[in-house]
Amino acid sequence: MNKNLILVCVAIVGLTLTGCRGYRSEKPPIHPNPNFDWQSKVKPQRDPLTVPEGTVAWGDSQSFTGIHKRSEFLKDDNRFYQGKETSGAFVAKAPVAVTSELLLRGQERFNIYCAVCHDQTGAGKGLVISRGFAPPPDLADSRIVDMKDGELFGIISHGVRSMPAYAKQIREEDRWAIVLYVRALQQARNATIENVPVGLRSNIK
Ligand code: HEC
């Protein structure tokens, strides 16, 4: 056998016998990526106030649900939250104060949530439709113009046939803002030259 090979074998056997002597350490093993492994633990906070018997906690301004008013929690205003009278009939007019601010909010929300299908004019030629989704009716159709505000609110909240529901994504106030904006679109789309102030008519080509 080759002399060098014998030397190598002896070295390997020697190292194996002397290298591992069962040495134990009391120190913790090397921990290359400590992350948060050794931070002090914090127990979850307990609510210092006990809820009085016979009452329901409904959140506060710090609540992550975003509920700030008792009425928002109870949702017992049928007209605002369901768009319906106590009799069950749809409300004729949106139960909100119509301001230009709310209309602009409605425009913004409509363009975010509805225009993908209904397009920004409400004609129903949105991008989703151009990719093969069931086409919606023109929102300026007389059938939809004649609907009560509460019915439009209900359509946004619960969807209708192939249209999905938006109650989870759009809160009530914004749904009413959208209803108002749909009304504005209908008026604009169905407007005639008679609706334009005389002095401005020449601007229209
Ligand atoms: C994913 C596409 C899509 C989106 C987004 C969408 N709609 Fe629709 N919408 C439809 C379709 C499709 C119909 C027709 C439903 C049917 O008749 O099957 C429809 C119908 C309607 C109608 C008429 C209902 C009827 O009785 O004929 C109204 C009003 C309406 N949508 C309003 C809205 C408003 C307001 C929004 C935004 C909050 C919205 N839609 C968002 C697809 C959509």
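Residues numbered from 1 in each chain as written. Predicted model: local features only at pLDDT ≥ 70, side-chain atom pairs only at ≥ 80, totals over all residues. Heavy atoms only, no water.

Student: Before we go on, may I ask you to explain the overall build of the protein chain in this structure?
Tutor: Counting its secondary structure elements, the protein chain contains nine helices and zero strands. Ordered by position from N to C terminus, the α and β elements of the protein chain give α-α-α-α-α-α-α-α-α. In terms of C-alpha radius of gyration, the protein chain reaches 34 Å, well past the compact-globule figure of 17 Å for 205 residues. Taking the principal axes of the C-alpha coordinates as reference, the protein chain spans close to 110 × 60 × 35 Å. (Helix = DSSP H or I, 4+ residues; strand = E, 2+ residues; numbered from the N terminus. Rg over C-alpha atoms; globule rule 2.2 N^0.38 Å.)

Student: Is there a simple way to think about the side chain of Arg175 in this case?
Tutor: Within the secondary structure layout, Arg175 lies in helix H9 (residues 172–189). Residue class for Arg175 comes out buried when judged on its relative accessible area of 5%. Looking at Arg175, its side chain comes within polar contact range of the side chain of Ser157, at 2.9 Å. Filtering out sequence-adjacent residues up to four positions away, Arg175 remains in contact with Phe153, Ile156, Ser157, Ala167 and Ile170. (Buried < 20%, exposed > 50% of the residue type's maximum accessible area, 1.4 Å probe, protein only. Polar contact = N/O pair within 3.5 Å; in protein donor to acceptor, adjacent residues only side chain to side chain. Contact = heavy atoms within 4.5 Å.)

Student: So what exactly am I meant to see when it comes to the nonpolar core here?
Tutor: Across soluble globular proteins, nonpolar side chains show a tendency to be buried alongside one another. Membership of the largest hydrophobic core comes to 26 residues, with the highest contact counts inside it found for Val96, Phe110, Trp176 and Ile178. Top contributing element to this core by residue count: H9, with eight residues. Setting aside anything within four residues of it in sequence, one finds Trp176 in contact with Arg79, Phe80, Gly83, Val91, Ala94, Pro95, Val96, Asp149, Gly150 and Phe153. (Core = buried A, V, L, I, M, F, W, Y, C linked by side-chain atoms within 4.5 Å.)

Student: I keep staring at the packing of aromatic side chains and nothing clicks. Help me out?
Tutor: Under the defined criterion, the tally for this structure stands at four aromatic pairs. Note on Phe80 and Tyr81: the rings are 5.0 Å apart at their centroids and 80 degrees apart in plane angle, and the pair reads as edge-to-face. For Tyr81, a relative accessible area of 9% corresponds to the buried category. (Phe/Tyr/Trp six-rings, centres within 6.5 Å; stacked < 30°, edge-to-face > 60°.)

Student: I would appreciate a short explanation of the coordination of the iron atom of the ligand in the present structure.
Tutor: By definition of the ideal shapes, a tetrahedral metal site with four donors has angles of 109.5 degrees and an octahedral site with six donors has angles of 90 or 180 degrees. Every protein donor of the iron atom of the ligand is accounted for by His118 (NE2) and Met163 (SD), and the metal-donor separations fall at 2.0 to 2.2 Å. Assessed through its relative accessible area of 11%, His118 is described here as buried. The class for Met163 is partly exposed, based on a relative accessible area of 23%. (Donors = N, O, S within 2.8 Å, 3.2 Å for Na, K, Ca; no water.)

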